[in-house]
Every structure is written in C-alpha cells, then in structure tokens.
Amino acid sequence: MQIGEKIRELRIVKGLTQEELADRAELSKGFISQVERDLTSPSIATLMDILQCLGTSIGEFFQEETEEQIVFGKNDFFEKQDSELLNTVQWIVPNAQKNSMEPILLTLKAGGSTYPDNPHEGEEWGYVLQGSVTIHLGSRVYKAKKGEAFYFSSDKPHYLTSKTGAVVLWVSSPPSF
C-alpha cells in the first residue's frame, strides 16, 4: 500500500490543500508533500494526527477494500433453460440474490411462460425488449409489447406468458428468481 498516495486522495476528497492539511495537523507543508510522494514516512502518532484531520481512523485507512465487479458481460451471465415452460432465464448480474434487487434477462419462446410466483413481499419491474408478453397478476391480465415497461407489487400471484415469444429485462426486489 502506498500510504502517501492514499493520504493525497483523502486530502483531495476533503477539498484541502497541502498547506491546509499541514496547518490542521500542525506540520509543515513540505513534510505533507514528502509524505504524499512517499519520500518520508510519518510516525504512527503523526499519521494518526493526519488521519484525524482527514476525518478517518487508522483502522479505516488501512482496511483493504476488495475490488467489486461493476460491469458484467455475457461470459459472466448464468443461464437456465426450461424446455417445459419454453423459457430461458439469464441472470445478468451473477450472485445478485445477495443484493436488494435482481435483474434477469427472460426469453420466452412462442407459447412460453414463467413459473407462477406466489404472493410475496417485494416489487417487480420489466421492460420488453422484443415481442410482447401477457402479465398475469392475481385475477387481472395486462399486455406489454416491445418498448413498454411494467411494474407491480408482488403481493398477488403473478407470472408472464407470451404467444409469439419475447425478451424481457426483469428486475425483482427482493430477489426471487
């Protein structure tokens, strides 16, 4: 870990100049400059003073953050094909069930459907990318075609069907797929 680089980043985030940080920590601007360029190392006591002026603790400062994947491509997708229901579900954000929402890409073949989902707490949102779908929500039926979105509370039994086939971007919160 480059201590100087991390101190510099924190200082910039806080909107401080080297001189302002030096004044607050009762150090010289030259010393802060040398620390940020890793030309010198502060003592533990001095480092704690600098970090306090930057609004963080020594524990937070040295806590290593694991790089979290933000962008997902086709190689990351997990796919399940259901020949009985004539659908394919692609989890486009792997392991999304640990999150508060779960986006999937749902492909319904002509005559395909999803499993009926029992009422549960949550929300469902979808956007029809191709074709058209029928949304079965309790005893009501709604239609959505390419370019249209749907949204409903999951407190009634629900499922999708398609007579002609469709591709739907579907987001469920909390995850239920």
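Once a new chain begins, its residue numbering starts again from 1 and follows that chain's sequence as written. Since the coordinates come from a predicted model, pLDDT governs what is reported: local features require at least 70, and pairs of side-chain atoms require 80 or more to be given and counted, while whole-chain, interface and lining totals use all residues. Side-chain measures were taken over the full set of non-hydrogen atoms in the model, leaving aside hydrogen atoms and water.

### Structural notes on the overall build of the protein
- Helix numbers and strand numbers start at the N terminus; a helix is a DSSP run of H or I with at least 4 residues, a strand a run of E with at least 2. Helix and strand content of the protein: 5 helices and 9 strands.
- Element order for the protein, N to C, with α for helix and β for strand: α-α-α-α-α-β-β-β-β-β-β-β-β-β.
- Radius of gyration: over C-alpha atoms. The globule rule applied is 2.2 Å multiplied by the number of residues raised to the 0.38 power. For 177 residues, the compact-globule estimate of 2.2 N^0.38 gives 16 Å, and the protein exceeds it by more than 25% at 26 Å.
- Along the first, second and third principal axes, the C-alpha set of the protein runs to 75 × 30 × 25 Å.
- Between buried and exposed lies partly exposed: a residue is buried under 20% and exposed over 50% of the maximum accessible area for its type, with that area taken using a 1.4 Å probe on protein chains only. Buried residues in the protein amount to 34% of all 177 residues.
- Considering only contacts within the protein whose residues lie at least 6 apart along the sequence, 61% involve residues at least 24 apart. It only takes one pair of heavy atoms within 4.5 Å for two residues to be counted as in contact.

### As for the packing of aromatic side chains
- Only Phe, Tyr and Trp rings take part, Trp by its six-membered ring, and two of them pair if their centres are within 6.5 Å. Stacked means planes under 30 degrees apart, edge-to-face means over 60, and tilted covers everything else. Tallied over the full model, the rule gives 3 aromatic pairs.
- Relative to Phe152, the ring of Phe150 has its centre 6.2 Å away and its plane inclined at 15°; by these criteria the two rings are stacked. Residue Phe150 shares its accessibility class with Phe152, and that shared class is buried.
- Taken together, a centroid distance of 6.2 Å and an interplanar angle of 75° make the contact between Phe150 and Trp170 edge-to-face. Pair noted here: Phe150 is in strand 7 (residues 149–153) and Trp170 is in strand 9 (residues 166–173), with a separation of 20 residues, a long-range link. Each member of the pair, Phe150 as well as Trp170, is classed as buried.
- By way of ring pairs, the aromatic residues Phe150, Phe152 and Trp170 are connected into one cluster.

### Comments concerning the pattern of salt bridges
- In what follows, salt bridge is the name for a side-chain nitrogen of Lys or Arg lying within 4 Å of a carboxyl oxygen of Asp or Glu. If you walk through the whole model with that rule in mind, you get 2 salt bridges.
- The partner of Arg11 in a salt bridge is Glu36, with the nearest N and O atoms 2.5 Å apart. Taken together, the positions of Arg11 in helix 1 (residues 3–13) and Glu36 in helix 3 (residues 29–36) put the pair 25 residues apart, joining distant regions of the chain.
- Residue classification places Arg11 among the buried positions, given a relative accessible area of 9%.
- A residue is classified by how much of its surface remains accessible, and Glu36, at 7% relative accessible area, is buried.
- As a salt-bridge pair, Glu148 and Lys145 come within 3.1 Å of each other at their nearest N and O atoms.
- Assessed through its relative accessible area of 31%, Glu148 is described here as partly exposed.
- Under the relative-accessibility criterion, Lys145 is labelled partly exposed at 49%.

### Regarding helix 4 (residues 44–53)
- Within the sequence span of helix 4, burial applies to Thr46, Leu47, Ile50 and Leu51. With its buried residues spanning 135° around the axis, helix 4 presents them on a single face. Helix 4 presents Ile44 and Gln52 as exposed residues on the side facing more than 90 degrees away from its buried surface.
- A positive phi of about 75° marks Gly55, the residue just after helix 4. What the arc measures is the spread of directions leading from the helix axis to the C-beta atoms.

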